[in-house]
Amino acid sequence: SSQHLESQIRPIRNPFRFRQSVTRSSPVSVAGKNTQSVYVRLKEGIDAHCDRARAAGAEIVQEPADQFYGERQYRARDPEGHVWTFSQTVRSVPREEAERLGDLQIEGWHG
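Presented here is an overview of the structure given in this document. If you're wondering where the values come from, they're calculated on a predicted model, not measured in any experiment.

## Let's talk about helix α2 (residues 46–55)
Alright, step 1. Within the sequence span of α2, burial applies to Ile46, His49, Cys50 and Ala53. Projected down its long axis, α2 carries its buried residues within an arc of 100°, all on one side. Turned more than 90 degrees off the buried face of α2, the exposed positions are Arg52 and Ala55.
Alright, step 2. The inward-facing, buried residues of α2 abut β2 (59–66), β3 (71–77) and β4 (83–89).

## Some details on the pairing of β3
The two faces of the sheet receive side chains in turn, since in a regular strand these alternate between them.
Alright, step 1. Of all seven residues in β3, five are buried, a share of seventy percent or more.
Alright, step 2. Between the antiparallel neighbours β2 and β3 lie four residues, among them Gly70 with a positive phi of about 95°.
Alright, step 3. Sheet topology note: the β3/β4 ladder contains seven bridges and is antiparallel. Each residue of the ladder has a partner; that of Arg72, found in β4, is Gln88.
Alright, step 4. What sits between β3 and β4 in their antiparallel hairpin is a turn of five residues, with Gly81 showing a positive phi close to 100°.

Calculation rules
- Residues numbered from 1 in each chain as written.
- Predicted model: local features only at pLDDT ≥ 70, side-chain atom pairs only at ≥ 80, totals over all residues.
- Heavy atoms only, no water.
- Buried < 20%, exposed > 50% of the residue type's maximum accessible area, 1.4 Å probe, protein only.
- Helix = DSSP H or I, 4+ residues; strand = E, 2+ residues; numbered from the N terminus.
- Arc of directions from axis to C-beta.
- Contact = heavy atoms within 4.5 Å.
- Pairing = 2+ DSSP bridges.

The structure is reproduced here in structure tokens:
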């Protein structure tokens, strides 16, 4: 329930400092298997955010890079092994351009 989650998660400044919980499994505790996917959208400052995450001890598994669909993203692994994807919209991309650049056909598009 949401009350249960709220009791286990407290506001944090650094996304790589976690409160331990016996009710959740981390990749470290299950031989590296992925236990969840975390995607965070930032309004601005993704490169500085990456620098702060690195300084806080996160392993940057994908450096910030612009994607063909208009997002700038990076991925970081926290000390428990969870991989976080951080993304920031840097430009609006028309569907036709994304299809051409990604060499694929897209149904439904945000741009």
